[in-house]
Each structure stands twice: as C-alpha cells, then as structure tokens.
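# An overview of the molecular structure
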Amino acid sequence: MSGVHPNSTSPPSHTSTAEHPAPPHQDSTASHPPPGKPDPTLTGSATGGDSDHAAAQRGLAAAGASPTAELASLTLRLKNSLRQFPDFPSPGILFEDIMPLFADAKLHDDLIRALSLHVSQNFDKPDVVVGLDARGFLFGPSLALRLGAGFAPVRKKGKLPGPCETAGYEKEYGSDFFQMQADAVKPGQKVLVVDDIIATGGSAQAAGSLVKKLGGTLLGYAFILELDFLKGRDKLDAPVYTLLSSQGK
Ligand SMILES: O=P(O)(O)OC[C@H]1O[C@H](OP(=O)(O)OP(=O)(O)O)[C@H](O)[C@@H]1O
Ligand SMILES: Nc1ncnc2[nH]cnc12
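To start, this report covers the structure provided alongside it.

Reading the values: rules and limits
- The numbering scheme is per chain: residues are counted from 1 as the chain's sequence reads.
- Here chains are named by letter from A upward and ligands by number from 1 upward, in the order in which they appear as written.
- Two thresholds apply to this predicted model, a pLDDT of at least 70 for residue-level local features and 80 or more for giving and counting side-chain atom pairs, whereas whole-chain, interface and lining totals are computed over all residues.
- Excluded from the side-chain calculation are hydrogens and water; included are all heavy atoms of the structure.
- Any residue under 20% of the maximum accessible area for its type is buried, any over 50% is exposed, and the rest in between are partly exposed; the area is computed with a 1.4 Å probe on protein chains only.
- The secondary structure listing takes helices from DSSP runs of H or I that are at least 4 residues long and strands from runs of E that are at least 2 residues long, numbered from the N terminus.
- The reported arc concerns the directions from the helix axis to the C-beta atoms and nothing else.
- To form a nonpolar core, buried Ala, Val, Leu, Ile, Met, Phe, Trp, Tyr and Cys residues must be joined to one another through side-chain atoms within 4.5 Å.
- We call two residues in contact whenever any of their non-hydrogen atoms come within 4.5 Å of each other.
- Any residue with a heavy atom lying within 4 Å of a molecule or strand is counted as near it.
- Think of a polar contact as two N or O atoms within 3.5 Å of one another; within protein, one of them needs to be a possible hydrogen donor and the other a possible acceptor, and neighboring residues in sequence only count if both atoms come from side chains.
- All accessible areas in this document rest on Shrake-Rupley with a 1.4 Å probe, and a residue is counted as covered only by the protein chains that are shown.
- Under the scheme applied, nonpolar residues are Ala, Val, Leu, Ile, Met, Phe, Trp, Tyr, Cys and Pro; charged residues are Asp, Glu, Lys and Arg; polar residues are all the others, including Gly.
- In this analysis, strands are considered paired if DSSP registers two or more bridges between them.
- Only the contacting stretch of a helix is used when fitting its axis, a line to C-alpha atoms as for every element, and angles between N-to-C directions run 0 to 180 degrees.
- What counts as a ring pair is set by centres within 6.5 Å for rings of Phe, Tyr and Trp (its six-membered ring), and what kind of pair is set by the plane angle: stacked under 30 degrees, edge-to-face over 60, tilted for all other angles.
- To sit over a ring, a charge needs its Lys NZ or Arg CZ within 6 Å of the ring centre and within 35 degrees of the ring normal.

A few words now on helix α5 (residues 140-147). Counting along an α-helix, one turn takes 3.6 residues, and residues three or four places apart therefore face a common direction. What α5 keeps buried is the set Gly140, Leu143, Ala144, Arg146 and Leu147. Viewed along the axis of α5, the buried residues span an arc of 165°, placing them on a single side of the element. Looking one or two places after α5, you find Gly148, whose phi comes out positive at around 75°.

Among the nonpolar cores identified, the biggest contains 35 residues, and Leu78, Leu101, Leu111, Leu115, Phe139, Ile224 and Leu243 are the most heavily contacted of them. Elements supplying a minimum of two residues to this core: α2 (67-81), α3 (100-103), α4 (105-122), α5, β7 (190-198), β8 (217-227) and β9 (240-246). Looking at which element gives the most residues to this core, the answer is α4, with seven residues. Setting aside anything within four residues of it in sequence, one finds Leu111 in contact with Leu78, Leu101, Phe102, Phe139, Ile224 and Leu243. Counting residues in each nonpolar core, the second largest holds 25 residues, with Ala204, Leu210, Leu236 and Val240 among its members.

What follows is about the site of ligand 2. Close to ligand 2 lie Ile93, Leu94, Phe95, Glu96, Arg135, Glu172, Tyr173, Ile197, Ala199 and Leu227, which account for all nearby residues. One of the backbone N or O atoms of Leu94 is found 2.9 Å from a nitrogen atom in ligand 2. For ligand 2, a nitrogen atom lies 3.1 Å from a polar atom in the side chain of Arg135. If ligand 2 stood free it would expose 260 Å²; the protein chains cover 93% of that surface. Ranked by residue count, the leading element in the shell around ligand 2 is strand β2 (residues 94-97), at three residues.

Next up on the list: the site of ligand 1. Lining the immediate environment of ligand 1, one finds 16 residues, of which Lys171, Asp195, Asp196, Thr200 and Ser203 sit closest. Between an oxygen atom of ligand 1 and a main-chain N or O atom of Gly201, the distance comes to 2.8 Å. Contact between ligand 1 and Gly202: an oxygen atom at 3.5 Å from a main-chain N or O atom of the residue. Considered on its own, ligand 1 offers 510 Å² of accessible surface; in the complex 88% of this is hidden by protein. Contributions of two or more residues to the shell around ligand 1 are made by β7 and α6 (202-213). Per-class residue counts for the shell around ligand 1 are five nonpolar, four polar and seven charged.

Spatially, the seven strands line up as an open sheet ordered β5-β6-β4-β3-β7-β8-β9, and their pairing is mixed. In this open sheet, the two edge strands, each paired with only one partner strand, are β5 (164-171) and β9. Across the sheet, the mean angle from the axis of one strand to that of its neighbour is 20°, orientation sign disregarded. As paired elements, β7 and β8 share eight bridges and run parallel to each other. Opposite Val191, over in β8, you have Leu218 as the bridge partner. Each of β7, β8 and β9 is contacted by α4, which is oriented at about 140° to β9, the strand it contacts most.

Further remarks concern the packing of aromatic side chains. The description of two aromatic rings rests on the distance between their centres and on the angle between their planes. Applying the stated criterion across every chain, the model contains four aromatic pairs. Here the basic side chain of Lys157 rests over the ring of Phe177, its NZ or CZ set 4.8 Å away from the ring centre.

Here it is as structure tokens:
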C-alpha cells in the first residue's frame, strides 16, 4: 500500500497516545529538527538497573513529577530528536528515522522509561514482549527486561530455525512474510507486541496473528511512532498505544 501524504488535517483518532489530548509538538516537517536536549531536571538511569514492573513508578517519585507530566516531558524530547527523509525508500514515502533515539544514552533511557511507564500503568504485566524484525529489536528486549518479561522475535521469513508459524502481510512500502518459532510463546502467555512504527498496520496485524496462532493472549500493541493518516490501528483488534504521532497533516 502506498503511503502518500494527505494534504488536509484530520484529528487523530487515537484511543491512547502520550501526545494527546495535549500534544507537546505537532509541527514536525521534512526538515530535520534540532537534536533533543536532555532535561537535567529529570532523573533517569542510562545504565538501567530497574528490572521490574514498578521501576517507572519509583523514578517518578524521585523526579517529583506526576506520571502525566513526566510522560509529556519525555515525549517532547523524544519527538524533537526524530528525523524525516523524503522519498525513502521509494518516491512518496516520508521516512521517519528513529535512530537518533538510540545514539544518545539519555534519549534511549527516556524512551524505555516512557514506554515502560505507560505499559505498567495501562496493560496487565506481559509474560512476553514480542518485537518485530528489525527495528522492534532495538528496544523490545530492553523494554522486556524493564518490565520483567521475556522477549521473542518476529522475524522475516527464512531467518529462524525449527518449526515456525508464518503470516504474510503488506506494509506501507511493500509486502513480506513474518515468522515466529512455534515455541516462542506458550499457550496462555500474555503478550505485548512492540514495534518502532505503525504505518498501515499490516506488519503489526501479521505479528498479532502469529501470537494468536501460538496460543498467546494478546494484551495489545505499543509503538514509538504512529503515522496517523494511514489509520493502521484500525486493523488491530487489541488495545494500541503509541508514544508519538506524526505526518498527521
Ligand atoms: O504499519 P506498516 O505499514 O506495516 O509498516 C510498519 C513497519 O515498517 C517498518 O519495517 P520494515 O519492514 O521497513 O523493516 P525494518 O524494521 O527491517 O527496517 C517498521 O519498522 C514497521 O515494522
Ligand atoms: N514512513 C515510514 N518511515 C519509517 N518506517 C516506516 N515503516 C513504514 N512506513 C514507514
């Protein structure tokens, strides 16, 4: 499916997004915004160490901020660090580059902190975090560790050994097949699916279908960034959380 950008503004239809109802930053353009400037008034450990579901709450108490206030501050810094590249990987696609989030240890820590904060407040504790090949691998394992959950990968076809389940899908700029190892999720385990971006929702939908084929209970989905205009969340049949939104213009 092609991700041609809309010309008109439509209000986001999110059920859950850290940016709404009070978006801290909505004027993202194809020009590169300045890098995020870490806020020295917020505490946070770039070296980690918090490995349970209550870690985010402890951090909040230390910072003296409400969860809502801290999430707003974290998301502003994260949003300001994203970059956009027009016509990549194909004409008409405005590519959202999340790599700066991982280039800076404080931003990286902010990201894991913001996601774990939301998940711990809004989802049952997952047994397994499932991350999507490849950018879901950048933060899925760290988030799983922070939440005290296991991690399992959804990989593109042909990369995993042993018995696998397979699901085909279409995404914003192509189509592919995903696989999970048959024993990656045990029947009845609670699963949170995570990925960097939800665009058309095709990738996430395929991942959710694999989790269900394995007998997992799908708690929901968490993404760093949502491309609102593609309405990918409409394809998903479990709660969806996105930290940031973009290209809503
Ligand atoms: O909502 P959709 O339209 O399905 O698009 C979202 C997917 O596209 C990107 O992955 P890509 O397949 O480009 O792989 P990568 O993570 O290996 O770069 C992104 O990381 C998501 O997984
Ligand atoms: N516009 C986009 N930027 C980055 N990753 C994507 N995956 C699907 N659409 C994308």
